[in-house]
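The residues making up each chain are set out below.
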Amino acid sequence: MTAAMVDRTHFERLDRDDPLAHLRRRFSLPPDIVYLDGNSLGPLPSHVPEVVADAVELQWGTDLIKSWNRHGWWSLAAEVGQRIARLIGASPDTVIGGDTTTVAIYKAAWAAARMRPGRRRLVTDTGNFPTDLYALEGVARQAGWEIVATEPGDIADFIDEDTALVALTHVDYRTGRKHDMAALTEAAHRAEALVLWDLCHSVGAMNLDLGEADLAVGCGYKYLNGGPGAPAFVYVHPRHLETVENPIQGWWGHARPFEMETAWSPGKGINRMQVGTQPILSMISLSAALDVFDGVEMTEIRAKSELLTESFIHLVDERLEGFEVVTPRDPRRRGSHVSLQHPEARRIMAALIAEGVVGDVRPPSLLRFGLAPTFVRHVDVWEAVERLRKVMEEESWRRVPAAEGPVT
Ligand SMILES: *Cc1c(COP(=O)(O)O)cnc(C)c1O
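In this text, all values refer to a predicted model and were calculated from it rather than measured experimentally. (Residues numbered from 1 in each chain as written. Predicted model: local features only at pLDDT ≥ 70, side-chain atom pairs only at ≥ 80, totals over all residues. Heavy atoms only, no water.)

Colleague: With reference to specific residues and values, describe the packing of aromatic side chains.
Modeller: Two numbers describe a pair of aromatic rings. These are the distance of the centres and the angle of the planes. Under the counting rule described, the total for this entry stands at twelve aromatic pairs. Between phenylalanine 312 and phenylalanine 369, the aromatic rings sit 4.9 Å apart at their centres with planes inclined by 40°, giving tilted as the arrangement. Taken together, the residues span a long stretch of sequence, with phenylalanine 312 in helix α10 (residues 298-319) and phenylalanine 369 in strand β15 (residues 366-370) at a distance of 57 residues. Here phenylalanine 369 falls in the buried class, since its relative accessible area comes to 1%. Put simply, the rings of Trp68, Trp73, Trp74, Trp251, Trp252 and Phe258 touch in pairs and so form one group of aromatic residues. (Phe/Tyr/Trp six-rings, centres within 6.5 Å; stacked < 30°, edge-to-face > 60°. Helix = DSSP H or I, 4+ residues; strand = E, 2+ residues; numbered from the N terminus. Buried < 20%, exposed > 50% of the residue type's maximum accessible area, 1.4 Å probe, protein only.)

Shown next, in the form of structure tokens:
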């Protein structure tokens, strides 16, 4: 992209040539906003309200308890797992939907502890998402592990023969920095340690290949657009499926749940990673939302994401002053959001939202822009930077009070 090409028509042209442009029409987005927060809460796919209304009125309201069989409620978690497996490059029957990401991390990390008895180290990085660190800390206390939280660039140096598990988030929720999954998985395996990947900021935003990775988790409400509180998922590599242990032994993970046996015995394969009754309405909403990805090549999703993030960074460089791009400039090293550092991040974002561009902020002073390739248009990138320019030129952020709500 050269400076001469930088005007709105350039981005309109990119939208005309975008092979994924049709995906945006599958979403119900308010007409007057540029929504760049799909990495926190994905927008509503247009067909989902009808599917959920049907589930409430006809399935729950009319068919009542028969719905578990008649409408496949019982197998929804597995079905959602199959659909997500394709998106993350996993083989069939290795992924199951359910619970929250935090619970999934707990289950997966504890399963790792049971597979590496005698080892006493857990390696993670300081950029990991807080809930991941909290859950890992809890498992570490129970497993007798020492936690080593390194700088993200130094992970491989800290994996040793005492390391049971390397637990990392693939794409950093703040900076957008993406780990080299294959290289770090290999580094863990060289020391015969296991590896657990959190895919919250990757799944639905790029093509993924879990390869030899042992365990993975991810969430359903960000780039998968499953709705607020949509279930998460857990992945277990096929080589562990017949031995993996779920620390939360519930009846959904039982081999014969309706035999009502008094003793627990693990279900077949990935099924054993389930716990208890799932929020079926949320699972239905997630399952329907995944239709958006039907027939879509994830490599095309990634190609568009790279283009969107590249344009965004380029426009910030060319047209804004006072913002530092903290997201890696090498597209191979970033995910699908771009973060800008500015000491007045919070007030600037509030002023930008008043201009119709919705992103969010993360401490200490980052403005975060999620460029979800499914529904974000190239022209949205232009609009976001232009309106940010306006906010800075007119200094409208100075009129924003410091007060804020509980959710940022
Ligand atoms: C969003 C996110 C979570 C969310 O965890 P929940 O238990 O689903 O609330 C966890 N980890 C990462 C890295 C995330 O981005």
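Colleague: Quick one: what's the story with the site of the ligand, residue by residue and with numbers?
Modeller: Neighbouring the ligand are Thr100, Thr101, Thr102, Phe129, Thr131, Asp132, Thr169, Asp198, Cys200, His201, Tyr221 and Lys222. Aspartate 132 places a side-chain nitrogen or oxygen 2.7 Å from a nitrogen atom of the ligand. Between the ligand and tyrosine 221 there is a distance of 3.1 Å, counted from an oxygen atom to a side-chain nitrogen or oxygen. Taken by itself the ligand offers 390 Å² of open surface, and the protein chains cover 87% of this. When residues of the shell around the ligand are traced back to their parent elements, those giving at least two are α6 (101-115) and α7 (130-143). Taken together, the residues that form the shell around the ligand break down as three nonpolar, six polar and three charged. (Near = heavy atom within 4 Å. Polar contact = N/O pair within 3.5 Å; in protein donor to acceptor, adjacent residues only side chain to side chain. Areas by Shrake-Rupley, 256 points an atom, 1.4 Å probe, with all protein chains shown as cover. Nonpolar A, V, L, I, M, F, W, Y, C, P; charged D, E, K, R; others polar.)

Colleague: Give a description of the sheet that holds strand β11 (residues 324-325) that names residues and reports values.
Modeller: With antiparallel pairing, four strands are arranged side by side in an open sheet as β11-β12-β15-β14. Edge strands, defined here as strands with exactly one partner in the open sheet, are β11 and β14 (360-362). In the sheet, strand β12 (residues 337-341) pairs with β15 via five bridges, with the strands oriented antiparallel. The partner of histidine 337 across the bridge, within β15, is glycine 370. Along the sheet, α10 makes contact with β11, β12 and β15, crossing β12 at roughly 20°. Across the face of the sheet, helix α11 (residues 345-354) comes into contact with β14 and β15 while running at roughly 40° to β15. (Pairing = 2+ DSSP bridges. Contact = heavy atoms within 4.5 Å. Axes fitted to C-alpha atoms, helices over the stretch in contact; angles between N-to-C directions.)

Colleague: Mind laying out the sheet that holds strand β10 (residues 233-236), listing which residues take part and the relevant values?
Modeller: Each strand in a sheet pairs with another by means of backbone hydrogen bonds, the pair being arranged parallel or else antiparallel. In space, the seven strands of this open sheet follow the order β4-β10-β9-β8-β7-β5-β6, with mixed pairing throughout. With one partner strand each, in any of the chains shown, β4 (95-97) and β6 (146-150) form the two edges of the open sheet. When strand polarity is set aside, the average angle formed by the axes of neighbouring strands in this sheet is 15°. Relative to β10, β4 runs antiparallel, the two being bridged by three bridges. If you follow isoleucine 96 over to β10, its bridge partner there is valine 234. Sheet strands touched by helix α8 (residues 181-190): β7 (163-169) and β8 (194-198). Its angle to β8, the strand with the most contacts, is close to 155°.

Colleague: Mind laying out helix α9 (residues 280-289), listing which residues take part and the relevant values?
Modeller: Think of an α-helix as turning once every 3.6 residues; residues three or four places apart then point the same way. Counting buried positions along α9 gives nine out of ten residues, so the element sits mostly inside the fold. Regarding α9, the residues found buried are Ile280, Ser282, Met283, Ile284, Ser285, Leu286, Ser287, Ala288 and Ala289. Where α9 is buried, its residues contact β3 (44-45), α3 (48-63), α4 (67-70), α5 (76-87) and β4.

Colleague: Residue-level account of the environment of valine 217, with values.
Modeller: Structurally, valine 217 can be placed in strand β9 (residues 215-218). Separated by 114 residues in sequence, valine 217 and valine 103 place their C-alpha atoms 9.6 Å apart. Each residue touching valine 217, except ones within four places of it in the same chain, is listed here: Thr101, Ala104, Ile105, Ala108, Leu196, Trp197, Asp198, Leu199, Cys200, Phe233 and Val234.

Colleague: Would you mind going over helix α12 (residues 378-394) in detail, with residue names and values included?
Modeller: Helix length check: α12 (17 residues) gives 25 Å between terminal C-alpha atoms against 24 Å at 1.5 Å per residue, within 8%. Among the 17 residues in α12, twelve count as buried, and that is most of the element. Of the positions making up α12, those classed as buried are His378, Val379, Asp380, Val381, Trp382, Glu383, Ala384, Val385, Glu386, Leu388, Val391 and Met392. Of the residues one or two after α12, glutamate 395 is the one with positive phi, at around 55°. (Expected span 1.5 Å × (residues − 1).)

Colleague: Any chance you could break down the environment of proline 247 for me, citing the residues and the numbers?
Modeller: Tracing the backbone shows proline 247 in the loop between β10 and α9. Distance from proline 247 to alanine 53, taken between C-alpha atoms, is 35 Å for residues 194 residues apart in sequence. Leave out the neighbours within four places in its chain, and proline 247 touches Tyr106, Lys107 and Trp110.

Colleague: Please provide a residue-by-residue account of the pairing of β9, values included.
Modeller: Judged by which residues are buried, β9 turns out to be covered on both faces: Leu215 and Val217 on one side and Ala216 and Gly218 on the other are all buried. The pairing of β8 with β9 spans three bridges and is classified as parallel. When the sheet's bridge partners are listed, leucine 196 is paired in β9 with leucine 215. For β9 and β10, the ladder comprises four bridges, and the chain directions are antiparallel. Along β10, the bridge assignment pairs leucine 215 with valine 236.

The values reported here are purely geometric and, on their own, carry no functional implication.
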